[in-house]
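Chain by chain, the residues:
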Amino acid sequence: MLEIRDLQISYGPIRAVKGISLTVRKGEIVSIIGSNGAGKTSTLMSIAGAVKPFSGRIIFNGEDITGQPAHKIMKKGLTLVPEGRRIFPYLTVMENLEMGAFIKKLSPSIIDEIFQLFPVLKERRKQVAGTLSGGEQQMLAIARALVSEPRLIMFDEPSLGLSPLMVTRIFSIIKKINSSGVTVLLVEQNARAALSLCHRAYVIEGGVIRLEGKGSELLNNKDLRRAYLGE
Ligand SMILES: Nc1ncnc2c1ncn2[C@@H]1O[C@H](COP(=O)(O)OP(=O)(O)OP(=O)(O)O)[C@@H](O)[C@H]1O
Ligand SMILES: [Mg+2]
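Residues numbered from 1 in each chain as written. Chains lettered and ligands numbered in written order. Predicted model: local features only at pLDDT ≥ 70, side-chain atom pairs only at ≥ 80, totals over all residues. Heavy atoms only, no water.

1. Brief notes about the overall build of the protein
Here is the rule we go by: Secondary structure follows DSSP: runs of H or I at least 4 residues long count as helices, runs of E at least 2 residues long count as strands, and numbering of each begins at the N terminus. As a reference, a globule follows 2.2 Å times the number of residues to the power 0.38, and the radius of gyration itself is taken over C-alpha atoms. A simple rule labels every residue: compare its accessible area, found with a 1.4 Å probe on the protein chains alone, to the largest value its type can have, and call it buried under 20%, exposed over 50%, or partly exposed in between. Charged residues are defined narrowly, with Lys and Arg counted positive, Asp and Glu counted negative, and His plus the chain ends left uncounted. For charged residues, the charge sits on one atom: NZ in Lys, CZ in Arg, CG in Asp, CD in Glu.
Along the protein, the regular secondary structure elements total ten helices and ten strands. The globule rule puts the C-alpha radius of gyration for 231 residues at 17 Å, and the 17 Å found for the protein is close to it. Judged by the C-alpha coordinates and their principal axes, the protein covers about 45 × 40 × 30 Å. Every one of the 231 residues in the protein was classed for burial, and the buried ones make up 51%. Side-chain charges in the protein split into 31 positive and 21 negative, and the spacing between the mean points of these groups amounts to 1 Å.

Below, the structure written as structure tokens:
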């Protein structure tokens with residue numbers, strides 16, 4: 001469904017991503033793990049059309065989308081829930097969801113589905129988003145991405161700054177979204193949770209892929225356990 005071929009990303013003289021190739025098949029949850037500055041966010045941003053790659057190809061559903069603008073990529077069914085949530089703090093929950101639907105009209109059936117997945121957002125739909133808890137803001141960021149009815153949804157560090165209980169809830173929501181037929185590409189620092197959830201994973205270090213495999217296999221990999229699980 002998504003194929004990245006030899007992706008390189010530069011910021012001026014800095015080469016942040018140095019030739020990454022990866023695939024995400026329809027229906028999968030694929031995770032990318034790696035330490036700070038490894039190039040995870042840059043990779044997702046370039047897939048979403050927010051950062052132009054220096055070289056390489058991004059193929060989505062057989063179509064080359066490399067360098068296309070973000071709104072076009074979103075219309076094709078590929079959406080990013082960005083690092084740090086980026087909700088509109090002074091708008092209400094409902095207004096934030098409407099902003100997510102800027103490419104199409106917000107249909108009542110999508111809103112129903114979203115409120116079923118996130119009952120707390122239904123209760124708080126008239127509340128200003130900046131006054132939600134961190135976990136609720138993350139739910140809103142996910143809900144806003146779902147409004148565009150993606151076929152592939154990318155998450156950048158969805159568990160960042162959340163309590164362990166909330167991390168469990170967010171991961172179970174990601175699983176539910178995937179079970180409903182949406183393919184998932186998940187970037188996470190929480191390696192244990194990501195590897196337990198995903199079908200396959202890639203480990204990025206310094207802008208290149210160091211390891212790849214099934215989540216369950218990587219969880220048992222000695223080097224990975226030492227580097228990412230503190231063992
Ligand atoms: N706009 C920018 N200008 C210059 N350098 C940048 C820019 N954005 C990222 N970088 C650099 O590119 C490298 C990769 O950054 P990136 O944000 O993709 O990593 P990351 O894996 O998402 O890290 P983190 O875990 O901290 O979120 C880092 O060295 C970073 O400093
Ligand atoms: Mg990042």
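2. What about the site of ligand 1?
As a reminder of what qualifies: Whether a residue is near a molecule or strand depends on its heavy atoms: it is near if one of them lies within 4 Å of it. Under this definition, polar contacts are N or O atom pairs within 3.5 Å; protein pairs additionally need one hydrogen-donor-capable and one acceptor-capable atom, and for neighbouring residues in sequence, both atoms have to be side-chain atoms. Per-residue and other accessible areas follow the Shrake-Rupley method at a 1.4 Å probe size, with only the shown protein chains counted as cover for residues. In the scheme used here, Gly and all other residues not listed as nonpolar or charged are polar, with Ala, Val, Leu, Ile, Met, Phe, Trp, Tyr, Cys and Pro taken as nonpolar and Asp, Glu, Lys and Arg as charged.
By nearness alone, 14 residues border ligand 1, and G37, K40, T41, S42 and Q189 come closest of all. A distance of 2.8 Å separates an oxygen atom of ligand 1 from a polar backbone atom of G37. Side-chain polar atom of Q189 to an oxygen atom of ligand 1: 2.8 Å apart, as the coordinates give it. If ligand 1 stood free it would expose 640 Å²; the protein chains cover 62% of that surface. Ranked by residues supplied to the shell around ligand 1, first place goes to helix α1 (residues 40-48) with three residues. Per-class residue counts for the shell around ligand 1 are four nonpolar, seven polar and three charged.

3. A short note on helix α7 (residues 164-179)
The test is simple: Working rule for helices: expected span equals 1.5 Å times residues minus one. To obtain the arc, one takes the directions from the helix axis to the C-beta atoms. By definition in these notes, contact holds between two residues if any of their heavy atoms fall within 4.5 Å.
Helix length check: α7 (16 residues) gives 23 Å between terminal C-alpha atoms against 22 Å at 1.5 Å per residue, within 8%. Along α7, the positions that sit buried rather than exposed are M166, V167, I170, F171, I173, I174, I177 and N178. Down the axis of α7, the buried set is contained in an arc of 155°. They therefore lie on one face. Turned more than 90 degrees away from the buried face of α7 sit P164, L165, T168 and S179, all of them exposed. Where α7 is buried, its residues meet β3 (29-33), α4 (108-117), α6 (134-146), β7 (152-156), β8 (183-188) and α8 (191-197).

4. Focus: the coordination of the magnesium ion (ligand 2)
As a reminder, the rule being used: For Na, K and Ca the donor cutoff is 3.2 Å, while for all other metals N, O and S atoms count as donors only within 2.8 Å; water does not appear among the atoms, so some sites may look incomplete.
Protein-derived coordination of the magnesium ion (ligand 2) comes from T41 (OG1) and E83 (OE), at a distance range of 1.9 to 2.6 Å. Taken as a pair, T41 in helix α1 and E83 in the loop between β6 (78-81) and α3 (93-100) lie far apart in primary sequence, 42 residues in all.

5. Some remarks on the sheet that holds strand β2 (residues 14-24)
Rules: Here the rule is simple: two strands pair whenever DSSP picks up at least two bridges between them. Axes, fitted as lines to C-alpha atoms, cover a helix only where it is in contact. Angles between the N-to-C directions of the axes lie from 0 to 180 degrees.
Judged by pairing direction, the sheet is antiparallel, and its four strands sit side by side in the order β2-β1-β4-β5 without closing on themselves. Both edges of this open sheet fall to β2 and β5 (63-64), since each of them pairs with a single strand only. Sheet topology places strand β1 (residues 2-11) next to β2; eight bridges connect them, and they run antiparallel. Looking at β2, one finds that L7 is bridged to I20. Sheet contacts for α1: β1, β2 and β4 (55-60); angle to β1, the most-contacted strand, approximately 115°.

6. Some thoughts on the side chain of S148
Following the sequence through the fold, S148 ends up in the loop between α6 and β7. One polar contact links S148 to T79, side chain to side chain, over a distance of 3.0 Å.

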